[in-house]
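As a plain string of letters, each chain reads:
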Amino acid sequence: MSTLLFYAIAFTLGCYTLASLMVLVRLLRGPRAQDRVFALDLLYMQAMLVVLVIGIFHQSDLYFEVALLIALFGFVSSAGMAKFILRGEVIE
Amino acid sequence: MEILLALVIGVLGGAGVWLVLRPRTFQVVMGLVLLSYAVNLFIFSMGSLSIDHPPIVTPGQPADLQNYSDPMPQALVLTAIVIGFATTALFLVVLLAARGFSGTDHVDGEQDAP
Amino acid sequence: MTVLRRLLPSPALSVALLAIWLLLARSASAGHIVLGLIVAIGVPVLVSSFWPPSRARHPFAILRYTLLICGDVVHSNLVVAWGVVRWRWHRPAHRFVVIPLDLRDPVGLAVLSMVTTVVPGTVWSELAVDRSAMLLHVWDAPDEADFVARFKARYEAPLREIFE
Amino acid sequence: MTSISLLALVALPFIGSLLAAVLPTRSRTLIAAFAGMIAAVVSVVLLTSFPMVRGGGVIRETIHWMPSIGLDLAFRLDGFAWMFAVMISVIGVLVCLYARYYMSPEDPAARFYAMLLAFMGAMLGVVMSGNLLQLVVFWELTSLASFLLIGYWYHRTDAQRGARMALVVTGAGGLCLLAGVVLLGQIVGSFQLDDVLASGDRIKAHAWYPATLALIAIGALTKSAQFPFHFWLPRAMAAPTPVSAYLHSATMVKAGVFLLARFWPVLSGTDEWFWLIGGAGGITLLLGAYLAMFQNDLKRLLAYSTISHLGLITLLLGLNSPLAAVAAVFHIMNHATFKASLFMAAGIVDHETGTRDLRRLNGLIRSMPRTGALALIATAAMAGVPLLNGFLSKEMFFSETVFLSASPVIEWTLPVLATVASLFAVVYSLRFGYDIFFGPPSTDLPRTPEEAPRWMRMPIFFLVTACVIVGVAPTFAIGKVLDAAALPVVGGTLPAYSLALWHGFNLPLAMSLVAIGGGIVGYVWLRAMQERGRLVLPPLISRWNGRELFESTMLAITRGARDVLNACTTRHLQPQLFIVIATSVVLASFAARGFTLSWGDRPRVPASYAFVVLWIIGMICAVGAAATAKYHRLVAITLMGGAGLVTCLTFAWFSAPDLALTQIVVEVVTTMLFLLGLRWLPMRMEKPGERATLRDRARRVRDLALAVVVGGGLATLSFAFLTRPAPQSISPFFLGNALPGGGGTNVVNVMLVDFRAFDTMGEITVLGAVGLTVYALLRRFRPPAESIAQPDQQRAVPQERATDLMKPRRSDAFARGYLLVPSVIARLLMPVALVVAAHYFLRGHNEPGGGFVAGLIVAIALLMQYIVSGTRWVEARTRVRPTRWIAIGLLIAGLTGLGSVALGYPFMTTHTAHVTLPVLGEVHLPSAAFFDLAVLGVVVGSTLLILTALAHQSIRKQAPAPHPSTTGGRP
Amino acid sequence: MNDVPFWLQIVVAALLFFSGVFVVIGALGFLRLPGFFLRMHPPALTYTIGSWCVALAGVLYFSALEGRLAMHPLLIPVFLAITVPVTTLLLARVALFRRRLAGTSDTPPTLGASDAASGERPAP
Amino acid sequence: MNPNAALIIAPVVLPMMAAAVLLLIRDSRRLRGSLVNIFASCAGLAAAVAILWHVNHATGPDAVAVHLTSNWAAPFGIALVADRLSALMLVVVGIVGVGTSLYAAAGWSRTGSYFHPLFQILLMGINGAFLTGDLFNLFVFFEVMLAASYGLQLHGSGWPRVRSGMHYIAINLLASSLFLIGLAILYGVMGTLSMADVAAKVPLVPLSDRGLLHAGAAILAMAFLIKAAVWPLNAWLVPAYTAASTPVAALFVLMTKVGVYAVLRLWMLLFPAVDGASTQFGGPLLLAAGLATLAFGAIGVLASIRLDRIAAFSVIVTSGTLMASFATGSIAAAAAALFYLISSTFAVSALFLMVEPVQRTRSERHAQRPVYDAMPDEDDNLDDEQLPLVGRAFPVSVAALGLAFMACSLLVAGLPPLSGFLSKAAILTAIVGDQAHPASSSTWILMTLLLCSSLFTTISLVRAGIRHFWASGGRFAPRLKVVESGAVLVLLGACVALTVFADPVLRYTTATATYLHAPRPYVDAVFGTPPRPGPTKPEYPQVETP
Ligand code: NA
Ligand code: NA
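Residues numbered from 1 in each chain as written. Chains lettered and ligands numbered in written order. Predicted model: local features only at pLDDT ≥ 70, side-chain atom pairs only at ≥ 80, totals over all residues. Heavy atoms only, no water.

A.B. asks: Looking at this model, I keep getting lost on the overall build of chain C. Mind explaining?
C.D. replies: Scanning chain C from terminus to terminus reveals 6 helices and 3 strands. Reading the helices (α) and strands (β) of chain C from amino to carboxyl end gives α-α-α-α-β-α-β-β-α. What you see for chain C is a C-alpha radius of gyration of 20 Å, clearly larger than the 15 Å of a compact globule of 164 residues, by over 25%. Reported as C-alpha extents along the three principal axes, the dimensions of chain C are approximately 60 × 35 × 25 Å. (Helix = DSSP H or I, 4+ residues; strand = E, 2+ residues; numbered from the N terminus. Rg over C-alpha atoms; globule rule 2.2 N^0.38 Å.)

If you want it as structure tokens, here you go:
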């Protein structure tokens with residue numbers, strides 16, 4: 001791992017986590033439920049990105065699997081929440 | 001980092017305990033979930049934590065805990081996660097049933113329990 | 001023919017699945033191709049009760065459309081990012097826009113929704129029950145009519161070509 | 001006869017009891033004859049064996065039962081036991097005969113005689129026990145049998161109460177006896193009676209002697225109805241009279257004095273013995289006689305008289321004098337004969353007149369002269385009139401009190417006490433004899449009295465004859481028996497005594513005369529007073545009622561127990577959880593004392609600021625979830641998702657890809673679960689003006705403190721482990737053997753399906769069981785009233801306006817309205833998810849993944865279909881049978897494991913088939929893959945079972961017929 | 001394992017850099033913008049260019065590292081494109097529904113409300 | 001592989017397979033389900049008896065039978081260990097299982113879904129817990145047992161069940177967390193999970209780590225003590241057991257024994273009398289807890305009017321007695337306690353089975369009024385003012401029920417002549433006569449409490465018996481089904497057999513207790529069992545561990 005890449009990755013991770021903090025503020029502040037749900041969804045995305053970047057950092061493919069799962073199924077819980085807010089029940 | 005991880009475990013556990021002691025069923029089940037996070041991380045922290053040494057055998061690497069992270073706690077946590085999930089599901093359904101019977105979401109089924 | 005149709009209810013899907021399989025496997029060895037074929041053929045049969053046969057055609061149109069979207073995504077990203085950065089000094093003309101739809105195919109509509117989602121600056125907000133119109137929230141649309149026309153031409157028309 | 005089987009002798013009544021129980025219950029003559037025969041056989045065998053026990057002879061028979069704790073079936077018959085056994089069996093014969101006439105034809109005879117025989121057997125067992133523990137066994141059996149006999153007329157409240165009281169008092173005494181016996185056995189080193197009888201000195205010198213004595217004494221005194229345990233005996237009068245006659249004369253109450261006499265050689269001779277046994281006997285003697293004078297019920301009068309006479313026997317035994325002990329043995333016999341006959345007579349009176357009230361019964365001698373005559377003789381014996389057996393033992397007692405050498409106070413009190421008690425005895429005997437049989441005949445009796453049948457009088461006649469013969473010619477009639485019986489009691493050397501009728505004019509005779517004379521005067525005076533309505537209740541102690549004391553004590557201890565219980569336990573969940581957690585904290589800190597937290601020297605994990613931030617986010621999420629769970633459930637679920645996500649990232653970061661995968665899918669499913677459940681929980685609104693009470697706030701502070709302590713403790717512990725050098729772990733073995741031995745590079749997966757496959761098997765079973773439970777519970781789910789209606793959101797949609805917010809329908813290819821696009825996407829996702837699941841499943845052994853993750857992926861994909869298309873739509877298109885998935889999964893798991901057993905290897909041993917296929921080349925097919933398939937099956941089945949069972953509630957609630965078993969459908 | 005050429009490292013670093021910057025801007029917008037519908041726009045940066053850059057970086061980096069074409073990171077943007085619309089669609093609908101319910105001004109009326117008579121009736 | 005070793009997995013795998021098969025049988029096929037259930041239970045009992053037979057007759061190292069699941073040597077794989085203690089417990093489970101499965105066949109499965117599969121899974125969990133030689137596997141089987149028990153406890157639903165079930169589940173989920181934490185600490189200190197390995201490594205734990213070791217053990221013990229219903233951690237038991245349906249409650253009697261077993265097993269392995277630094281660590285605490293539990297249970301029995309509550313508190317009494325007796329550290333007391341365990345398990349289980357049939361006899365009047373609630377009327381004994389002096393015959397079913405009830409009462413209260421008394425007498429003689437531990441105040445307290453518990457139980461059961469069998473009002477002759485009677489008969493018959501063959505059993509338990517007090521044979525057997533060389537492990541062992 002070269003220094004350049006190391007710093008790039010450090011910067012990127014820093015950006016991601018900074019972004020996560022901002023999203024967390026939104027998650028806590030709301031004001032409405034949809035804001036929070038959206039924030040959670042975004043948090044999943046950022047987490048996925050963190051995992052991917054760590055994978056690059058460690059030159060390892062294993063992290064990709066986790067990211068893939070988040071990409072594929074991270075939306076399910078937020079979609080469920082959205083439906084719940086909209087209709088009062090998830091499965092009709 | 002160790003301090004912080006320990007702190008995370010502590011905070012998760014503390015929050016879980018606090019919720020478990022609350023009077024509403026929903027709080028209790030949330031508490032159990034948080035507690036299970038704490039416990040899983042706690043078990044996990046018993047092994048030698050290492051970064052980028054997943055317990056996936058690479059031929060030629062000596063099979064020791066310097067080159068791989070400890071697989072044992074991971075196997076335990078894996079089982080614990082599954083069992084925790086199952087029991088959470090069960091408790092949730094039981095609290096729903098209790099709510100159906102008692103008409104309240106108090107853990108004792110009493111509206112004004114002390 | 002019927003046997004083939006039964007075995008291969010949606011060839012496009014099967015191709016896509018095979019591609020996904022090979023990407024996941026990170027290998028194009030004989031073994032993985034065989035496995036991938038098994039999966040690609042078997043899975044659509046398994047889920048056929050959920051999945052009505054797709055009517056997607058014109059693979060080149062699909063490719064062209066994809067490339068178009070990719071370009072728009074990059075462009076819109078810059079626009080929205082820039083908009084966020086200078087939010088304090090300049091407010092974009094954000095508004096709801098009703099877009100009358102000619103596209104009726106559910107899959108086409110789904111792709112349209114993906115497009116609006118993927119392209120920053122548009123948020124799919126509502127679809128009329130009869131699929132005759134959709135409501136978009138647009139980041140910056142100074143001229144509503146112009147936006148509608150551009151949108152329909154750029155995004156809806158190709159989809160009608162592909163799906164109808 | 002040269003030898004007899006004591007075991008057979010004791011067993012015979014029990015066997016008879018069993019047989020009697022199954023005889024037709026109304027054939028009372030047959031059953032009575034059968035029971036009498038049994039008793040007669042025992043009597044005859046015993047009587048013929050007298051030569052073997054004369055002069056210190058002992059018959060022994062031992063059958064090993066539980067030699068490890070020193071409990072054997074050891075039967076031992078010496079002269080004393082023989083005397084008792086004869087008494088028990090002979091009076092038993094008479095009672096059987098008498099009961100035949102006494103009991104009503106409607107009374108269930110089988111039960112009566114079965115119990116009577118069992119009782120007889122138990123008594124025989126007590127007196128013939130050669131092992132102390134065995135003695136306790138039979139002892140408690142007598143309590144039990146007497147309980148059943150007293151409660152024979154169980155529908156009557158007095159029978160219930162009397163039986164219960166008798167059992168509780170004597171049963172408790174029996175338990176004390178057990179304790180005493182255990183101590184005694186420990187002192188002696190053996191429970192064999194022979195050994196114990198040979199260790200008198202060691203016992204009395206032992207530090208445990210007082211405790212042992214007290215415990216055994218309590219056992220004996222309760223049984224013999226001695227003060228302060230005397231109150232149960234009059235209550236036992238609720239029993240049928242034949243039972244009373246038996247209990248009061250030869251059995252039950254005599255067991256107590258039997259025990260005292262049995263242990264006399266080894267326990268007596270000390271001051272403790274004198275004060276405890278003698279004191280209790282003396283008080284009982286006086287108290288019983290005193291109370292007897294005031295009784296108006298025939299049977300109760302006799303009961304108090306029994307108490308008094310047993311007090312006399314106890315007192316005699318307590319005097320520490322061999323001669324007194326002999327007198328005690330003699331009085332045991334005498335009392336049995338006259339008391340049995342008196343009860344039988346009382347029973348006849350009761351039977352014939354329909355009442356037992358002394359005040360109503362008068363002049364019965366005219367209507368039943370023969371019974372009257374017999375009863376009068378027996379009464380005289382009870383009163384101690386010369387030429388009857390009662391007189392002899394009473395004289396022996398008087399002379400003992402007179403010639404006893406003790407402290408001056410005792411030397412003076414005892415004779416006075418004896419005389420006064422005797423005087424009282426004369427009074428109550430007169431009340432019994434004169435009040436009933438003389439005076440003008442009663443006219444208002446419930447029944448017109450007639451002479452009893454001859455065979456009913458027969459037993460009385462027999463007993464009264466014995467009284468007379470013994471009274472007139474004691475040495476001839478009873479001398480040898482008394483010698484034989486008293487010898488073991490006094491411990492080997494019989495003191496010189498004379499059974500002569502006439503000892504000259506001496507102090508004892510004077511005391512007798514005073515007693516008789518004073519008694520007559522007292523009777524006349526008492527009668528006069530009572531006719532004026534005074535002295536109806538016993539003065540001084542009429543308020544002090546043992547029975548009431550017992551009842552109120554029982555009530556008090558029951559209530560007290562309830563109070564203690566309420567103080568020691570709780571019905572509420574919160575205190576329970578608090579106690580569990582607090583106890584854990586206390587125990588753990590107590591156990592960990594001495595441990596000092598050091599900073600450790602394990603190499604530190606390199607700092608990563610990204611993770612610092614992420615963990616801070618995780619902590620904020622956790623605290624936020626804790627804070628919002630009460631009023632903002634959805635927010636709490638969201639925050640919990642955040643915490644779970646951070647947990648997942650931590651796993652990923654610290655090289656646990658499998659954990660991260662599992663965590664993320666479980667997270668998704670858990671969230672869905674919560675959302676499904678949220679539908680049925682009540683809205684909670686934070687009331688702005690509401691302030692918590694002080695108590696609530698105190699509780700919160702307390703809980704917060706505990707939470708902080710637990711959190712701190714967990715943090716400290718994990719920090720300790722994170723910084724300590726790792727121990728010598730077994731893990732390197734797994735790393736080294738996963739590939740060569742387990743055939744996979746993913747060590748964690750190899751552990752799950754090979755090294756620790758047994759765990760995984762249990763784990764999927766848990767999952768299956770939970771799925772089944774959830775389903776079963778939800779089939780009976782009754783939604784709360786306010787949740788049955790449509791959710792607010794759905795009602796808020798204006799019905800008259802077309803809107804895209806519509807429910808999914810069963811028949812459409814895609815959902816409509818707002819769900820159109822999501823449904824297309826969800827359906828597109830389905831095949832993709834299956835491919836991904838297949839990918840994770842197949843690579844699990846070598847890379848992160850495996851059956852569990854694959855199973856959850858499948859489940860989530862299906863769940864998504866439910867969300868966008870609704871339950872009916874999905875289930876119309878596919879028949880997901882979760883239970884079958886579970887069943888097949890478990891079967892595959894079990895069969896995979898058993899397959900290796902069939903091959904001669906341990907359960908779950910992995911076998912790998914190496915197959916060479918045309919295109920693919922060599923393919924390894926490990927049996928672990930089958931096991932992983934089983935995992936997948938169970939995971940899919942259980943998850944779907946849980947989620948769909950919950951989802952079904954939404955459609956169910958709209959169904960018009962809310963019968964639980966008809967809706968929901970079988971999955 | 002091959003060495004990754006420096007020029008490629010520069011490319012990868014740049015991609016990562018862009019990804020980070022866009023993600024932060026997206027989050028910033030999500031945090032700062034007023035109104036839910038406005039806030040829904042910036043997060044698109046995260047799941048479009050944010051993820052694309054990283055995926056591309058992954059493709060380049062791993063291909064160079066392993067000496068063969070490693071296209072699998074591209075699956076992530078593809079899957080995101082498929083799945084993300086579900087949540088955003090539903091959430092936008094939620095916001096719309098709630099605004100209509102609350103009677104917030106400048107909320108567009110229900111689509112197709114005018115031809116309700118001819119259209120299908122909503123399910124009860 | 002030794003065929004006996006193969007037998008060891010039967011008590012676990014058999015019920016699991018049976019559960020799977022039962023899942024494939026439709027709920028409507030009740031008879032078939034019941035038959036499979038009974039058959040599986042009987043087969044389980046047969047396997048247990050065979051194991052007991054083997055363990056009892058084998059000598060030397062064979063006396064501890066080890067099954068290395070997955071063919072991995074200890075401490076790496078999960079070893080199932082059938083020693084004298086496990087075998088004994090298995091037989092107890094088997095007998096109770098047969099009894100309750102018979103009883104359940106009377107129609108109890110109808111009140112809800114999946115009764116039979118859950119029943120078998122519960123048996124599987126309990127058997128697994130008794131057999132496993134691995135700490136984490138113990139956790140897993142605890143969870144198997146608990147998961148099934150949740151379902152069974154809630155079987156039939158209804159508010160009392162759900163309420164108590166919710167409490168029961170909450171407490172046990174917490175206990176499971178504690179279990180995991182304790183387990184993790186032990187792993188952190190010793191790096192192993194095999195019980196034998198732990199036992200071997202405890203003496204090597206450095207002094208500086210003893211605190212951690214003890215803390216881990218204490219937390220682990222908490223999990224077991226909750227299961228064992230030790231005061232003050234037992235408030236969940238009575239509501240849960242009394243609310244459960246009759247056969248379930250009878251089956252649950254086994255579950256507290258699992259907690260007691262776990263404490264006993266691990267305490268003996270971890271802190272044996274021979275280990276220097278931590279010898280019998282926590283012993284006084286266990287003793288105190290046992291005594292407190294015994295006292296609590298006895299008071300509870302006394303305070304109870306309802307039969308099911310009496311039975312439930314008897315479960316607590318049993319736990320307290322066992323815990324206190326084991327904690328005295330005396331071999332004879334442990335032996336006697338094991339004997340007591342067998343007897344009391346059967347007895348209380350039978351008592352639970354009788355709760356419902358007995359209530360069928362109850363008259364309306366006495367159903368409402370407990371006997372002790374009011375003082376009796378003023379002394380009134382004259383016959384002519386009372387009910388006629390004519391007895392009433394018991395109908396056959398009542399008589400049978402009454403006899404069974406009486407036997408049960410004798411057994412539970414520890415009154416002669418049945419095994420209940422023998423076991424109590426054995427405990428008393430053991431604690432008083434222990435040469436190694438001269439009688440101390442705790443001995444006397446235990447003795448007093450034991451006798452008091454007998455007395456209180458007698459009082460309560462007499463009260464209940466009178467209420468049900470001697471009711472003065474009209475009484476109903478209950479209809480008893482053959483399977484119900486058979487179930488009670490199985491359990492009581494087992495007690496009678498225990499009474500008759502008390503000495504062989506006590507000799508067995510004495511040998512067991514002696515063996516438990518010196519864990520060396522256990523450790524040796526586990527480590528002395530080699531995996532079978534085979535196709536997948538030709539060059540075994542590849543990696544030696546230190
Ligand atoms: Na967009
Ligand atoms: Na795996």
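The rest of the description comes next.
A.B. asks: Explain the overall build of chain A to me, please; I cannot follow it from the model alone.
C.D. replies: Per the secondary structure count, chain A includes 3 helices and 0 strands. For chain A, the N- to C-terminal ordering of α and β elements is α-α-α. In terms of overall size, chain A is more extended than a compact globule, its C-alpha atoms giving a radius of gyration of 16 Å where 92 residues would be expected to give roughly 12 Å. If one aligns the C-alpha atoms of chain A with their principal axes, the spans along those axes are about 50 × 25 × 10 Å. Pairs at least 24 residues apart make up 48% of the contacts formed inside chain A by residues separated by at least 6 positions. In the structure as shown, chain A presents an accessible area of about 1,900 Å², 67% of it carried by carbon and sulfur atoms. Here chain A contributes 6 positively and 6 negatively charged side chains, and the mean placements of these two sets differ by 15 Å. (Contact = heavy atoms within 4.5 Å. Areas by Shrake-Rupley, 256 points an atom, 1.4 Å probe, with all protein chains shown as cover. Lys, Arg positive; Asp, Glu negative; His and termini not counted. Charge placed at Lys NZ, Arg CZ, Asp CG, Glu CD.)

A.B. asks: In this structure, what is going on with the coordination of the sodium ion (ligand 1)? I would like to understand it.
C.D. replies: Six octahedral donors at a metal ideally form angles of 90 or 180 degrees, and four tetrahedral donors ideally form angles of 109.5 degrees. Residues and elements named next belong to chain C. Every protein donor of the sodium ion (ligand 1) is listed here as T116 (O), T117 (O), V119 (O) and T122 (O), and their distances to the metal cover 2.4 to 2.8 Å. The exposure class of T116 is buried, given its relative accessible area of 1%. For V119, a relative accessible area of 5% puts it in the buried group. (Donors = N, O, S within 2.8 Å, 3.2 Å for Na, K, Ca; no water. Buried < 20%, exposed > 50% of the residue type's maximum accessible area, 1.4 Å probe, protein only.)

A.B. asks: What is the right way to look at the coordination of the sodium ion (ligand 2) in this model?
C.D. replies: All names here are of chain D. The protein atoms donating to the sodium ion (ligand 2) are D658 (OD), N749 (ND2) and G849 (O), with metal-donor distances spanning 2.0 to 3.0 Å. Counting gaps between the donor residues of the sodium ion (ligand 2) yields the pattern D-x90-N-x99-G. In this pair, D658 is assigned in helix α29 (residues 657-678) and N749 in helix α32 (residues 747-755), connecting sequence segments 91 residues apart. Comparing D658 with N749 shows no difference in burial state: the two are buried.

A.B. asks: Before we go on, may I ask you to explain the UniProt feature "transmembrane region" (unreviewed entry) in chain C in this structure?
C.D. replies: Residues and elements named next belong to chain C. Taken from the UniProt record, the annotation "transmembrane region" (unreviewed entry) applies to residues 7-24, 30-51, 63-87 and 107-129. The distance from the first to the last C-alpha atom of residues 30-51 is 29 Å, and the span holds 77% helix and 0% strand. In residues 63-87, the share of helix is 92% and the share of strand is 0%. The end C-alpha atoms are 35 Å apart. (UniProt positions renumbered as here; feature names shortened; annotations may be inferred.)

A.B. asks: Honestly, the sheet that holds strand β2 (residues 122-127) of chain C in this entry has me stumped. Any pointers?
C.D. replies: Strands in a sheet are paired, the pairing made by backbone hydrogen bonds, and the direction either parallel or antiparallel. Taken in spatial order, the 3 strands make up an open sheet running β1-β3-β2 (chain C), and their pairing is antiparallel. Strand pairing shows two members of the sheet lacking a second neighbour, β1 (95-100) and β2 of chain C, which therefore form its edges. Pairwise comparison of adjacent strand axes, ignoring direction, gives a mean angle of 30° for this sheet. The sheet contact formed by β2 of chain C and strand β3 (residues 133-138) of chain C spans 5 bridges and is antiparallel. The partner of L127 of chain C across the bridge, within β3 of chain C, is M134 of chain C. Across the face of the sheet, helix α4 (residues 75-102) of chain E comes into contact with β1, β2 and β3 of chain C while running at roughly 65° to β2 of chain C. (Pairing = 2+ DSSP bridges. Axes fitted to C-alpha atoms, helices over the stretch in contact; angles between N-to-C directions.)

A.B. asks: Quick question: what am I supposed to make of the interface of chain F and chain D here?
C.D. replies: How large an interface is tends to be reported as the accessible area lost when its parts come together. Across the contact, 157 residues belong to chain F and 141 residues belong to chain D. Of the roughly 13,200 Å² buried where chain F meets chain D, counting both sides, 70% is carbon and sulfur surface. Our count for the contact surface shared by chain F and chain D stands at 2 salt bridges. Here R756 of chain D and D134 of chain F are joined by a salt bridge, their closest N and O atoms 2.5 Å apart. The dominant element in the side of chain F that touches chain D, judged by the number of residues it contributes, is helix α7 (residues 159-190) of chain F, at 13 residues. (Buried area = accessible area lost by both parts, 1.4 Å probe. Salt bridge = Lys/Arg side-chain N within 4 Å of Asp/Glu carboxyl O.)

A.B. asks: Help me understand the domain arrangement of chain C, please; the structure alone is not making it clear to me.
C.D. replies: Domain boundaries assigned for chain C yield domain 1 (3-47) and domain 2 (59-163). One C-alpha centre belongs to domain 1 of chain C, the other to domain 2 of chain C, and the line joining them spans 32 Å. (Domains from an automatic or database assignment.)

A.B. asks: When you look at the nonpolar core in this model, what are you seeing that I'm missing?
C.D. replies: Looking at soluble globular proteins, one finds that nonpolar side chains tend to be buried together. Within the largest apolar cluster, 805 residues are counted, with the highest numbers of intra-cluster contacts made by M83, M128 and W232 of chain D together with F352 of chain F. At 22 residues, the largest contribution of residues to this core is made by helix α3 (residues 71-102) of chain B. Inspection of this core shows a minimum of three residues originating in each of domain 1 (3-47) and domain 2 (59-163) of chain C. Ignoring anything within four residues of it in the chain, the contact list for F352 of chain F reads Y241, T246, A249, A250, V253, D308, A311, A312 and V315 of chain F. (Core = buried A, V, L, I, M, F, W, Y, C linked by side-chain atoms within 4.5 Å.)

A.B. asks: Help me out: how do you make sense of the packing of helix α4 (residues 79-102) of chain D against helix α13 (residues 252-262) of chain D in this one?
C.D. replies: When two helices pack together, their arrangement is given by the angle between the helix axes and by the axis-to-axis distance. Residue and element names in this part refer to chain D. Taken N-terminus to C-terminus, the directions of α4 and α13 make an angle of 170°; their axes are 11 Å apart at the nearest point. Classed by the angle they form, the pair α4 and α13 counts as roughly antiparallel. In this structure, α4 uses F80, A81 and F84 to contact α13, whose residues at the interface are K254, F258, A261 and R262. Residue composition of the contact of α4 with α13, grouped by class: 5 nonpolar, no polar and 2 charged. (Parallel < 35°, antiparallel > 145°, perpendicular 65-115°, else oblique. Nonpolar A, V, L, I, M, F, W, Y, C, P; charged D, E, K, R; others polar.)

A.B. asks: So what exactly am I meant to see when it comes to α4 of chain E here?
C.D. replies: An α-helix turns once per 3.6 residues; consequently, residues spaced three or four apart project the same way. Residues and elements named next belong to chain E. End to end, α4 covers 41 Å across 28 residues, agreeing with the expected 40 Å (1.5 Å per residue, within 8%). Most pronounced at T83, the bend in α4 amounts to some 30°, and the proline P85 follows within four residues. Taking burial as the measure, the 28 residues of α4 include 21 buried ones, the bulk of the element. Residue G103 follows α4 closely and has a positive phi angle near 70°. (Expected span 1.5 Å × (residues − 1). Bend = angle between axes of the 7 residues up to and from the residue.)

A.B. asks: When you look at the interface of chain A and chain E in this model, what are you seeing that I'm missing?
C.D. replies: Each side of the interface is counted separately: chain A has 49 residues, and chain E has 51 residues. Together, the buried faces of chain A and chain E total about 4,400 Å²; carbon and sulfur atoms form 79% of this surface. Contact with chain E buries area across many residues of chain A, yet F38, I56 and L86 of chain A alone supply 16% of it, more than any other trio. The partner of D35 of chain A in a salt bridge is R39 of chain E, and the shortest N-O contact between them spans 2.6 Å. Counting across the chain A and chain E interface gives 10 residue pairs in polar contact (both at pLDDT 80 or more). Those elements that provide at least two residues to the side of chain A that touches chain E are α1 (3-29), α2 (33-57) and α3 (62-87) of chain A. Looking at the side of chain A that touches chain E element by element, the count peaks at 16 residues for α2 of chain A. Of the residues that constitute the side of chain A that touches chain E, the class distribution is 35 nonpolar, 8 polar and 6 charged. (Polar contact = N/O pair within 3.5 Å; in protein donor to acceptor, adjacent residues only side chain to side chain.)

A.B. asks: Can you walk me through the pattern of salt bridges in this structure?
C.D. replies: Here the idea is simple: oppositely charged side chains can pair when their charged atoms come close. Applying the stated criterion across every chain, the model contains 42 salt bridges over all chains. Note that R154 of chain C and D72 of chain C form a salt bridge whose closest N and O atoms lie 2.6 Å from each other. Note that R154 of chain C is positioned in helix α6 (residues 144-163) and D72 of chain C in helix α4 (residues 59-85), a separation of 82 residues in sequence. Given the relative accessible area of 35%, R154 of chain C is considered partly exposed. Put simply, R306 of chain F and D308 of chain F hold a salt bridge, and the shortest N to O gap is 2.8 Å. For D308 of chain F, a relative accessible area of 8% gives the class buried. Members of the salt-bridge network, linked through shared partners, are D61 and E65 of chain A, R26 of chain C together with R843 and E847 of chain D.

A.B. asks: Before we go on, may I ask you to explain helix α12 (residues 283-303) of chain F in this structure?
C.D. replies: Taking 1.5 Å per residue as the helical rise, α12 of chain F with its 21 residues ought to reach 30 Å, and the 30 Å between its terminal C-alpha atoms agrees with that figure. For α12 of chain F, the buried fraction is high: 15 of the 21 residues fall into the buried class.

A.B. asks: Looking at this structure, I do not really get the packing of aromatic side chains. What am I missing?
C.D. replies: Centre distance and the angle of the planes are the two values used to describe a pair of aromatic rings. Overall, the coordinates contain 63 aromatic pairs over all chains when judged by the stated rule. For the pair F274 of chain D and W275 of chain D, a centre-to-centre distance of 5.2 Å together with 80° between the ring planes defines the contact as edge-to-face. For W275 of chain D, a relative accessible area of 56% puts it in the exposed group. Between the aromatic rings of Y150 of chain F and Y168 of chain F, the centroid separation amounts to 5.6 Å while the plane-to-plane angle is 80°, which identifies the pairing as edge-to-face. Remark: Y168 of chain F occurs in helix α7 and Y150 of chain F occurs in helix α6 (residues 135-153); sequence separation between them is 18 residues. Per residue, the accessibility class of Y150 of chain F equals that of Y168 of chain F, and both read buried. Across the ring face of Y905 of chain D, the terminal group of R532 of chain F is positioned such that the distance to the ring centre comes to 4.1 Å. (Phe/Tyr/Trp six-rings, centres within 6.5 Å; stacked < 30°, edge-to-face > 60°. Lys NZ or Arg CZ within 6 Å of the ring centre and 35° of its normal.)

A.B. asks: How should I be thinking about the pairing of strand β2 (residues 79-82) of chain F in this particular structure?
C.D. replies: The two faces of the sheet receive side chains in turn, since in a regular strand these alternate between them. All names here are of chain F. Of the two faces of β2, the one holding A79 and V81 and the one holding L80 and A82 are both buried throughout. In the sheet, strand β1 (residues 65-68) pairs with β2 via 4 bridges, with the strands oriented antiparallel. When the sheet's bridge partners are listed, V66 is paired in β2 with V81.

A.B. asks: How do you make sense of unusual backbone geometry when you look at a structure like this?
C.D. replies: Apart from glycine, the bulk of residues carry a negative phi angle, and the bulk of peptide bonds sit in the trans form. Put simply, F227 of chain D and P228 of chain D share a cis peptide bond, and its omega is 5°. In this structure, P228 of chain D sits in the loop between α10 (209-223) and α11 (232-235). Not every positive phi belongs to a glycine, and D52 of chain B is a case in point at roughly 60°. When you line up the elements, D52 of chain B lands in the loop between α2 (25-46) and α3. Positive phi outside glycine occurs at A225 of chain D, with the angle close to 55°.

A.B. asks: It is not clear to me how the side chain of N334 of chain D should be interpreted in this structure. Could you clarify?
C.D. replies: Residue and element names in this part refer to chain D. Within the element layout of this structure, N334 appears in helix α17 (residues 322-353). Owing to a relative accessible area of 2%, N334 belongs among the buried residues under this scheme. With residues up to four places along the chain from it excluded, the contact list for N334 reads N389, S393 and V470.

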